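Structural features, examined
Single-letter residue listing:
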Amino acid sequence: QVQVVESGGGLVQAGGSLKLSCAASGHTFSNYGMGWFRRTPGKEREFVAAITGSGGTTLYEDSVKGRFTISRDNAKNAVSLQMNSLKPEDTAVYYCAARRAYALASNVYAYDYWGQGTQVTVSS
């Protein structure tokens, strides 16, 4: 069974930065594509960013391009999301997810394992 655990959420002022981390265990990490999603009250979980198993290719949702950076360290079984220039509309619960495939995916149904989520709140 794969376990995914997020950390690093918190409260930050608009324009500030946060770095989310995700630790994964129970599998050959480099074989798994990883992604970050977020959910706000009353909305469906939405795609934020994804990275291939090797870390060589990334994909971002349009509203976070140029502000967020996804990266991974396969030696540490970890993936992170560096979030800069945060906006109040970035406030959400952020989820890390793993999929049993190497390639990128932005569809929530493409992912097999999910963390419990970490709250990010951006104040104006």
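Now for a quick tour of the structure.

1. Details of the overall build of the chain
Of regular secondary structure, the chain possesses zero helices and 11 strands. Each helix (α) and strand (β) of the chain, taken in turn from the N terminus, gives the series β-β-β-β-β-β-β-β-β-β-β. Relative to a compact globule of 124 residues, whose C-alpha radius of gyration would be 14 Å, the chain shows 13 Å and is just as compact. Sequence separation of at least 24 residues holds for 60% of the intrachain contacts in the chain that already meet a minimum separation of 6. Taken as a whole, the chain presents about 6,200 Å² of accessible surface, with 46% of it coming from carbon and sulfur. The average position of the 12 basic charges and that of the 9 acidic charges among the side chains of the chain differ by 3 Å.

2. Details of the environment of Arg-38
By the secondary structure assignment, Arg-38 is in strand E4 (residues 33-39). Judged by its relative accessible area of 5%, Arg-38 falls in the buried class. Considering only alpha carbons, one finds Arg-38 and Glu-89, 51 residues apart in sequence, at a separation of 11 Å. Setting aside anything within four residues of it in sequence, one finds Arg-38 in contact with Glu-44, Arg-45, Glu-46, Val-48, Glu-61, Ser-63, Val-64, Phe-68, Asp-90, Ala-92, Val-93 and Tyr-94. A polar side-chain atom of Arg-38 sits 3.4 Å from a polar atom in the side chain of Ser-63. Within polar-contact distance, the side chain of Arg-38 engages the side chain of Tyr-94 at 2.9 Å.

3. Comments concerning the pairing of strand E11 (residues 118-123)
Where burial is concerned, the two faces of E11 differ: the one with Thr-118, Val-120 and Val-122 is buried and the one with Gln-119, Thr-121 and Ser-123 is not. Sheet topology note: the strand E2 (residues 10-13)/E11 ladder contains four bridges and is parallel. Counted as the bridge partner of Gln-13 is Ser-123 from E11. Inspection of the sheet shows strand E9 (residues 92-99) paired to E11 by three bridges, in the antiparallel sense. What sits directly across from Tyr-94, in E11, is Thr-118.

4. Overview of the side chain of Arg-67
By the element assignment, Arg-67 lies in the loop between strand E6 (58-60) and strand E7 (68-73). Under the relative-accessibility criterion, Arg-67 is labelled buried at 10%. Among the polar contacts made by the side chain of Arg-67, one reaches the main-chain carbonyl oxygen of Ser-85 at a distance of 3.0 Å. For Arg-67, the side chain forms a polar contact with the side chain of Asp-90, separated by 2.8 Å. Apart from residues lying up to four places away in sequence, Arg-67 is in contact with Gln-82, Met-83, Asn-84, Ser-85, Leu-86, Lys-87 and Asp-90.

The rules we used
- Residues numbered from 1 in each chain as written.
- Predicted model: local features only at pLDDT ≥ 70, side-chain atom pairs only at ≥ 80, totals over all residues.
- Heavy atoms only, no water.
- Helix = DSSP H or I, 4+ residues; strand = E, 2+ residues; numbered from the N terminus.
- Rg over C-alpha atoms; globule rule 2.2 N^0.38 Å.
- Contact = heavy atoms within 4.5 Å.
- Areas by Shrake-Rupley, 256 points an atom, 1.4 Å probe, with all protein chains shown as cover.
- Lys, Arg positive; Asp, Glu negative; His and termini not counted.
- Charge placed at Lys NZ, Arg CZ, Asp CG, Glu CD.
- Buried < 20%, exposed > 50% of the residue type's maximum accessible area, 1.4 Å probe, protein only.
- Polar contact = N/O pair within 3.5 Å; in protein donor to acceptor, adjacent residues only side chain to side chain.
- Pairing = 2+ DSSP bridges.

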